[in-house]
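# Descriptive analysis of the structure
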Amino acid sequence: MKQLIITSDDFGLSSGVNRAVEEAWQTGLLTCASIMPGGDAFDEAVAIARRNPGLQVGLHLTLVQGRAVLPRSDVRELVDAGGRFTDNPVAAGMRYFFDRGLYCQLKREIEAQILRVLEAGIPLTHIDGHLNIHMHPTVFRILNELMPRHGITSFRLSRERLSHNLTFDRERRLGKTVESIVFGSLANHCLPRLERLGIRHAGEVKGVLNSGRMTEDYIMNILEGLDADLTEIYFHPGRLPDAEITRRMPDYRHEEELAAITSPRIRRTLKELGISLVNYRGDVKAYV
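## As for the pairing of strand E7 (residues 230-235)
The two faces of a sheet get side chains in turn, since along a regular strand they alternate between them. For E7, the tally of buried residues reaches six of six residues, placing the bulk of the element in the interior. Neither face of E7 is left uncovered, since the one carrying Leu230, Glu232 and Tyr234 and the one carrying Thr231, Ile233 and Phe235 both have all their residues buried. Relative to E7, strand E1 (residues 3-11) is paired through six bridges, and the arrangement is parallel. Opposite Ser8, over in E7, you have Phe235 as the bridge partner. Alignment of strand E6 (residues 204-206) against E7, held across three bridges, turns out to be parallel. In the sheet register, Glu204 faces E7, and the bridge partner there is Thr231. What joins E6 to E7 is helix H8 (residues 216-223), and the crossover it makes is right-handed.

Here's what the structure looks like:
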């Protein structure tokens with residue numbers, strides 16, 4: 001039987017995201033949420049996780065387009081005067097790779113993000129990253145050491161079949177091709193080490209190439225073509241109005257993505273196809 005993980009990213013970014021996560025867990029198909037320790041609504045997200053203990057929470061590692069959890073004095077070369085990382089993912093990726101002097105600051109900040117969640121009483125079982133920064137070679141090298149240390153047993157291996165995506169959505173063909181090559185190469189770099197560490201991962205991750213546009217129609221199109229035993233689909237649901245997600249992601253279809261996660265039509269199709277809902281621990285979620 002094929003298994004499907006349904007994840008919401010950006011948990012803790014804003015109240016609009018948090019409300020959508022709780023709704024998607026209680027009335028929809030959501031099985032996991034990935035929390036941003038530096039998000040403005042982190043404390044609210046922790047409260048939601050505590051009152052919904054079946055919702056598995058992972059770390060949405062944030063080293064670009066977000067706020068550090070350490071004081072600026074500890075990560076001075078990573079952040080601006082307000083303690084924020086750059087909004088430019090390409091510039092960040094280049095600096096993190098070539099400037100070896102940043103390694104210790106990155107390691108301190110990454111571990112601080114892990115510990116902020118654990119110290120809030122939320123067990124972490126998986127790691128992914130904002131803009132997939134968790135697969136960056138320097139960041140991944142650090143995670144190789146920190147995941148076993150903190151009992152983190154699963155990792156989002158962000159690779160998606162370009163041909164399957166383009167069958168149903170021909171937008172951004174050039175951009176998707178570049179993303180498929182880049183993230184596919186990073187995934188190939190990560191895979192051998194994950195296997196040596198015994199870190200679990202899904203066979204394919206949907207959402208890499210259609211981020212912010214995981215609508216009901218698109219999900220319906222791709223379900224029959226899932227070919228991995230374990231697939232993850234990640235979303236960015238949100239309840240509007242919400243100034244923070246509108247400012248950060250003006251083109252994302254937050255409420256349409258929430259509608260997809262809570263869709264009776266998708267639920268029925270999953271039942272018909274015999275696809276079970278699970279989290280990264282392997283716990284099965286009954287169809288709501």
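## With respect to the pattern of salt bridges
Two side chains that carry opposite charge are able to pair once their charged atoms sit near each other. Within the structure shown, the criterion is met by 20 salt bridges. Residues Asp217 and Arg265 are paired through a salt bridge, measuring 3.1 Å at the closest nitrogen-oxygen approach. Separated by 48 residues along the polypeptide, Asp217 in helix H8 and Arg265 in helix H11 (residues 264-273) bring together distant segments of the chain. Assessed through its relative accessible area of 34%, Arg265 is described here as partly exposed. Three or more residues are tied together by salt bridges with common partners; here these are Asp9, Asp128, Arg156 and Glu232.

## Comments concerning helix H3 (residues 89-98)
Ala92, Gly93 and Tyr96 are the residues of H3 that are buried. Burial along H3 is one-sided: seen end-on, the buried residues are contained in an arc of 100 degrees. When the buried face of H3 is taken as reference, the exposed residues oriented beyond 90 degrees from it are Val90 and Phe98. Packing partners of the buried residues in H3 comprise helix H4 (103-119) and helix H5 (137-149). You can read the cap of H3 off the contacts: a side-chain oxygen lies 3.0 Å from the backbone nitrogen of Val90, and it is on Asn88.

How each quantity is defined
- Residues numbered from 1 in each chain as written.
- Predicted model: local features only at pLDDT ≥ 70, side-chain atom pairs only at ≥ 80, totals over all residues.
- Heavy atoms only, no water.
- Buried < 20%, exposed > 50% of the residue type's maximum accessible area, 1.4 Å probe, protein only.
- Helix = DSSP H or I, 4+ residues; strand = E, 2+ residues; numbered from the N terminus.
- Pairing = 2+ DSSP bridges.
- Right-handed = clockwise from strand over helix to strand, strands pointing away.
- Salt bridge = Lys/Arg side-chain N within 4 Å of Asp/Glu carboxyl O.
- Arc of directions from axis to C-beta.
- Contact = heavy atoms within 4.5 Å.
- Polar contact = N/O pair within 3.5 Å; in protein donor to acceptor, adjacent residues only side chain to side chain.

As far as function goes, none of this settles anything; it's purely spatial.
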